[in-house]
Structures are given as C-alpha cells and as structure tokens.
Amino acid sequence: MKAYRARLLRFDADRTARFDEDGMLVTGPDAEGRQRVLAAGDHASVSRRFPDVAVEHLPGRIIAPGFVDLHIHFPQTDVIGSPADGLLPWLENYTFPHESRYAEAVHAAEVAPVFVDELLRNGVTTALAFATSHPESVEALFAEAQKRSLRLITGKVLQDRHSPDGVRDETEQSLVDTEALIRKWHGVDRLGYAITPRFAPTSTPAQLRGAGELAARYPDVWIQSHVAENLGEVAWMKQLFPEARSYLSVYDDFGLMRERAVYAHCIWFDAEDRALMRERQTAAAVSPTSNLFLGSGFFDYQAADAAGFAYGLASDVGGGTSFSPFHTMLAAYYVGREGQTKPGLSLSPQALWWQHTAGGAAALGLGDTVGNLLPGHEADFVILNPDATPLLSRKTRAARDLDELLFAMIVLGDDRLIERTVISQAL
Ligand code: GUN
Ligand code: FE
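Residues numbered from 1 in each chain as written. Chains lettered and ligands numbered in written order. Predicted model: local features only at pLDDT ≥ 70, side-chain atom pairs only at ≥ 80, totals over all residues. Heavy atoms only, no water.

K.L.:
An account of the packing of helix H4 (residues 135-148) against helix H5 (residues 171-185) is requested, with residue identities and associated values reported.
P.N.:
Interhelical geometry of H4 versus H5 gives an angle of 10° and a closest axis separation of 11 Å. Between H4 and H5, the interaxial angle falls into the category roughly parallel. When you trace H4 past H5, the crossing you get is right-handed. Counted together, Pro135, Val138, Glu139, Phe142, Ala143 and Gln146 of H4 and Asp177, Leu181, Lys184 and Trp185 of H5 form the full contact between these two elements. The class makeup of the residues in the contact of H4 with H5 is six nonpolar, one polar and three charged. (Axes fitted to C-alpha atoms, helices over the stretch in contact; angles between N-to-C directions. Helix = DSSP H or I, 4+ residues; strand = E, 2+ residues; numbered from the N terminus. Parallel < 35°, antiparallel > 145°, perpendicular 65-115°, else oblique. Left-handed = near helix turned anticlockwise from the far one by under 90°. Contact = heavy atoms within 4.5 Å. Nonpolar A, V, L, I, M, F, W, Y, C, P; charged D, E, K, R; others polar.)

K.L.:
Could you give an account of the site of ligand 1, with specific residues and numbers?
P.N.:
Lining the immediate surroundings of ligand 1 are His73, Gln76, Leu87, Trp90, Leu91, Arg198, Phe199, His226, Glu229, His265 and Asp316. Residue contributions to the shell around ligand 1 peak at three residues, all from helix H2 (residues 87-100). Split by residue class, the shell around ligand 1 holds four nonpolar, four polar and three charged. (Near = heavy atom within 4 Å.)

K.L.:
Please provide a residue-by-residue account of the sheet that holds strand S3 (residues 35-42), values included.
P.N.:
Across the sheet, which stays open at both edges, the six strands sit in the order S3-S2-S1-S4-S14-S15 with mixed pairing between neighbours. Unpaired on one side and paired on the other, S3 and strand S15 (418-422) mark the two borders of the sheet. Across the sheet, the mean angle from the axis of one strand to that of its neighbour is 40°, orientation sign disregarded. Note: strand S2 (residues 17-29) against S3, seven bridges, orientation antiparallel. Each residue of the ladder has a partner; that of Met24, found in S3, is Gly41. (Pairing = 2+ DSSP bridges.)

K.L.:
Give a description of helix H12 (residues 325-337) that names residues and reports values.
P.N.:
Residues spaced three or four apart along an α-helix face the same direction, because each turn holds 3.6 residues. In a regular helix each residue adds 1.5 Å, so 13 residues correspond to 18 Å; H12 covers 18 Å between its end C-alpha atoms and thus fits that length. Among the 13 residues in H12, 10 count as buried, and that is most of the element. When H12 is considered as a whole, its buried residues turn out to be Pro325, Phe326, Thr328, Met329, Leu330, Ala331, Ala332, Tyr333, Val335 and Gly336. Taken from the residues just after H12, Gly339 is the one with a positive phi, measuring 70°. (Expected span 1.5 Å × (residues − 1). Buried < 20%, exposed > 50% of the residue type's maximum accessible area, 1.4 Å probe, protein only.)

K.L.:
Provide a residue-level description of the nonpolar core, including the pertinent values.
P.N.:
Membership of the largest hydrophobic core comes to 102 residues, with the highest contact counts inside it found for Tyr251, Phe299, Trp353, Leu384 and Met409. Tallying contributions element by element places helix H3 (residues 105-121) first for this core, with seven residues. Judged by nonpolar contacts, the second largest core, of 16 residues, contains Val68, Ala285, Ala314 and Val370. (Core = buried A, V, L, I, M, F, W, Y, C linked by side-chain atoms within 4.5 Å.)

K.L.:
Tell me about the coordination of the iron ion (ligand 2), and name the residues and values.
P.N.:
Every protein donor of the iron ion (ligand 2) is listed here as His71 (NE2), His73 (NE2), His226 (NE2) and Asp316 (OD), and their distances to the metal cover 2.0 to 2.2 Å. Each of the four donor atoms bound to the iron ion (ligand 2) contributes to angles spanning 90 to 169°, and the resulting shape is irregular. Within one chain, the residues donating to the iron ion (ligand 2) are spaced in sequence as H-x1-H-x152-H-x89-D. Remark: His226 occurs in strand S10 (residues 222-227) and His71 occurs in strand S5 (residues 67-73); sequence separation between them is 155 residues. (Donors = N, O, S within 2.8 Å, 3.2 Å for Na, K, Ca; no water. Tetrahedral: all angles 85-135°; square planar, octahedral: opposite > 155°, others 65-115°.)

K.L.:
I'd love a proper account of the environment of Leu128, names of residues and values included.
P.N.:
Looking at where Leu128 falls in the secondary structure, it is placed in strand S6 (residues 124-130). Given a relative accessible area of 0%, Leu128 falls into the buried group. A sequence separation of 54 residues divides Leu128 from Phe74, and the C-alpha atoms of the two residues are 9.8 Å apart. The residues touching Leu128, leaving out its near neighbours within four places in the chain, are Asp69, Leu70, His71, Ile72, Ile153, Ala194, Gln224, Val262 and Leu364.

K.L.:
Outline the environment of Glu213, supporting the account with residue identities and numerical values.
P.N.:
Here Glu213 lies in helix H6 (residues 205-217). For Glu213, a relative accessible area of 47% puts it in the partly exposed group. With 29 residues separating them in the primary sequence, Glu213 and Pro242 have C-alpha atoms 23 Å apart.

K.L.:
So what's going on with the pattern of salt bridges? Which residues, and what values?
P.N.:
The final tally for this structure, using the stated rule, is 30 salt bridges. Among the salt bridges present, the one from Lys147 reaches Glu144, with a minimum N-O distance of 3.6 Å. Of the two residues, Lys147 and Glu144 both sit in helix H4, three residues apart, roughly one turn of that helix. By relative accessible area, which is 64% here, Lys147 ends up exposed. Classification of Glu144 as buried rests on a relative accessible area of 8%. (Salt bridge = Lys/Arg side-chain N within 4 Å of Asp/Glu carboxyl O.)

K.L.:
So what about the pairing of strand S7 (residues 151-155)? Which residues, and what values?
P.N.:
Where burial is concerned, most of S7 is hidden: five out of the five residues are buried. Burial of S7 is two-sided: the residues Arg151, Ile153 and Gly155 facing one way and the residues Leu152 and Thr154 facing the other way are all buried. In this structure, S6 lies alongside S7, joined through five bridges in parallel fashion. What sits directly across from Ala127, in S7, is Leu152. In this fold, S6 hands off to H4, which returns the chain to S7; that crossover is right-handed. (Right-handed = clockwise from strand over helix to strand, strands pointing away.)

The analysis is restricted to geometry; functional conclusions fall outside its scope.
Rendered as structure tokens:
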C-alpha cells in the first residue's frame, strides 16, 4: 500500500468536481497485483482508517485523475504543425506521406517510445489512438504501451480506396489482419483493440461491411473513426453514398455504431444525427485544437447536450496542435464560446476538466475503471505543481475558489504543470 498527501481533485457522479485542500489518496494492489485506489478524501478521516500506511507528503501539489485522450494518431507525432488548406489537402500532402513510413517496423518502433513518452509527460494515462494501415505500426505501439503499463486502445487503419500507394490496404487482407490483431492483443494487460476504418470515404462498402461484421462478432472491442469534420469531406461523402440519409448514417448502415464506438469531430451534424448518436450509445471525440488548426468548424456543445449523447476531449495530434490536455481544454473553451446563446460561461472549468478525465472514460465505457479517483479505480493519476512557472504560481495562489484555480491551470498550463504521472503498475 502507498499513500499520498496533497490537494486532491476528483469528480462526483453529477460531474461536479470535489476538492480537498488537505487530501489523501491511498492505493494498493488488487488480486492481479495492479494498483487501485483504496481510499480518497480528506486527510484527517482517511489517515485515521490507514494509520500504518507509508505516506508521501506533497505540500502545495495537486493530485488529479490522469487524463483520457479520446482520439489521437500515433503516426502523426511528426505531422503536428503542418499547414494546409483544410483536411483533404492536409491528408494528401502531409499525413499520407508520413504514415507510409510505418510500413517499416523499425520506423514504427523508433517513434512508439517518443509517442508514449509525450503522452505521459503531458499526464495522459489512457488513450484511444489510430495507428496506420500497416499491422507493424499496431504491433510497435501495443508493445511499447505494454512495456510502460499504459492503458491504450489502438487498431490497424482500414483504407482500401481513395488512398495513395503506401497507405492503401487490400479489402480481404485488411480484415484478416484486423481479426488476427484483435486475437493477439485485445484484453491483454491494459491493452484494447479498436476496429479502425479511417473514415467512410477511404473504405469500400465491402471493407465497411467486413468491419461491421467484426464489430458484431467482438462486441467488447472498440470502434473508432472520423465523421462530419469538414465541409469538403461532407460534400465528397454525398457523392460517394448518394443514397445515405447522412454521413453518420453510413456508419450505422454498416453496423459501426454501438457502445464502445467513438467518432472524432461530429461537427456537421443535424438533429437526426445527434439523436442517432444517443440511440446507439455512440460517443464523440471532440478535438478543438485540430478543428481550429484545420479550420474544420466548431463542435456544438449545446446541441450535443440537448440530444444527450456522450462525448469527451481529444488532442487529435497531428491535426491537433498539442499533446497537452491543458491546451485542449483551453481550445474547447474557445469553441464553446462560438454560437453561444445562453448567458454565463459556456463551459465551466469543471466541465472542461471532466470532459478530459471522467467524461472521456465514460465515453469509452471505462467510467468505473479509469478517469477518476474513487475506490476501485485503477491508480492512474497526475501530480500537478501549480508553482511550476512564475505566472502559474501567481495566478493559482490568487485563486479564490476552485473554478478560479482550475481555470488558471487550463489557461496557463502545459507539460511543465505535470510534475509526475503515476501509472497503475502491476508490481
Ligand atoms: N479524416 C480522415 N483521416 C483523418 C486524419 O488523419 N485526421 C483528421 N483530423 N481527420 C481525418
Ligand atoms: Fe483524427
């Protein structure tokens, strides 16, 4: 067992934050030896229940749940900051050429530790990530995540048309490869598999159908893709699937909307799309730095809440510009301001933080496992140092309440604020 004494942030079921100025977190191994939260709360009461535990005292520090990144591309680590006139030219000119290099296992194995390091330096302890169409890229990322005990879900990208040589796969083989990777990796340690059609324009109907069949055969495997990100893409989809009610409904028609399905962006939706998301219990990965960088549009938070479908925050590196959850939360705040009709704050700091922790975990169907620090949760957390920079220190010390403290960190924070990332290791 191990205990930490510090300020402590976690979330109640109603999404509000709970904060202890003098808190204590106690962790201990479960039956498999994995560290889980045994108790979290006020130091005076928790320490009474665990009088003999060794305590690490962290004055001035804040312990908070590890962040959940609901959508990120491992092979786009080096694509960050590539300017283009919108999504489709960005894919063609930067992304596909970069991703073609992951056919080489050596290259994938070189970048995988860089990617995992970057996640952990930024306090991300659970990620749903795209690999490339090459099984080698999936192998490299799973192997690295397993070595580091990271909770990681990834999958081989499916893209058998409208894709250049070097990234395009072959329909039959792509499905055989997907199933082999599911059998090898899904549920091993903290790893999970996601069936990963890149987006409907780059898959034949046969590939989408095959993906949907695998999704039915392996119901606890995840599904990830992109939808309704950019207007050029939406227009292209209309040409490719003239019969479909909408872009989103194409995925539904192929059996690719269900629990554990996560779609990035979800910007250019209508009311029927939003109702379908809720009905199928499918989640959106909101990727604000990417949407701002590529000029894609703005996720409609009010309409999403009115429809009642699940969502969480995502970096979408390398369309997104940062691995830092603080940068993503700040960008989400800007996006929430767009089209705001109600007075007051569009997105409170507690709502933003929830979306990147407990909300993201719930969107993955892992709300009882990660994303929060309640008894039974895996002990994935960050230790924040609010004195990490002079301005952060001034601002956080002047904060009069929890909202002001969280906002100071969201607006001024980056990887320097993350003093340590603790992963639930099997000891
Ligand atoms: N749509 C299809 N592929 C991609 C991708 O790699 N990034 C983003 N942002 N959108 C996509
Ligand atoms: Fe993406």
